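Here's the letter readout for the chains.
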Amino acid sequence: MDEIEYHEETEAEKRINEWRQSQRKIMIDIVQDLIQTSHKYAKSQYTPNAQRARWTKLAGQLIWYKDQILKNYTIEAMSIDMQALKKQVIESGERRQRESQTKNFPLIGFRKPEDKKAGDAEEADDGESSEPAEADDPEDAKEIA
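The text that follows walks through the structure, step by step, so that each part is easy to find. Bear in mind the structure is a predicted one, so any value in this text is a computation, not a measurement.

## Re the side chain of Thr47
- On the secondary structure map, Thr47 appears in the loop between α1 (11-43) and α2 (49-102).
- Not counting the four nearest positions on each side in its chain, Thr47 is found in contact with Tyr41, Arg52 and Trp55.

Pasting the structure below:
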């Protein structure tokens, strides 16, 4: 299996990621306000026809820009989830390896003669049935003395 590369996030990386997420939220809010404003001007009856097309084009561009921001946010969130999954896989592999090393396996040996007799007696009890034998079947019939 391929070796999984994983590095622990430092405090600086965590703070940078938190800052980026907060800034991205602010950007999305601002772009949403701009989109609403451009829609308002594009639909307004007081906007000249020549400018109406510009406002509509701007609204479309802002929607595309917001979509790109959200895609980048999704990719970053997926990479953070991937890092967490890699960490879990590595930890479970290490735990499994530790458990396999510390297990006490029973020694392979021969049964004692008294254990053999007790085990054979149990097997014989399991083989006998308490049902009476049928007379139609001569192989299964038991002799009654």
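## Some remarks on the pattern of salt bridges
- One pass over the full model with this rule turns up 4 salt bridges.
- In this structure, Glu76 and Arg20 form a salt bridge, with 3.9 Å as the shortest nitrogen-oxygen distance. With Glu76 in helix α2 and Arg20 in helix α1, the pair connects residues that are 56 residues apart, well separated along the chain.
- The class of Arg20 is partly exposed, set by a relative accessible area of 38%.
- For the salt bridge of Glu76 with Arg24, the shortest nitrogen-to-oxygen distance reads 2.9 Å.

Cut-offs applied
- Residues numbered from 1 in each chain as written.
- Predicted model: local features only at pLDDT ≥ 70, side-chain atom pairs only at ≥ 80, totals over all residues.
- Heavy atoms only, no water.
- Helix = DSSP H or I, 4+ residues; strand = E, 2+ residues; numbered from the N terminus.
- Contact = heavy atoms within 4.5 Å.
- Salt bridge = Lys/Arg side-chain N within 4 Å of Asp/Glu carboxyl O.
- Buried < 20%, exposed > 50% of the residue type's maximum accessible area, 1.4 Å probe, protein only.

None of this, on its own, says anything about what the molecule does.
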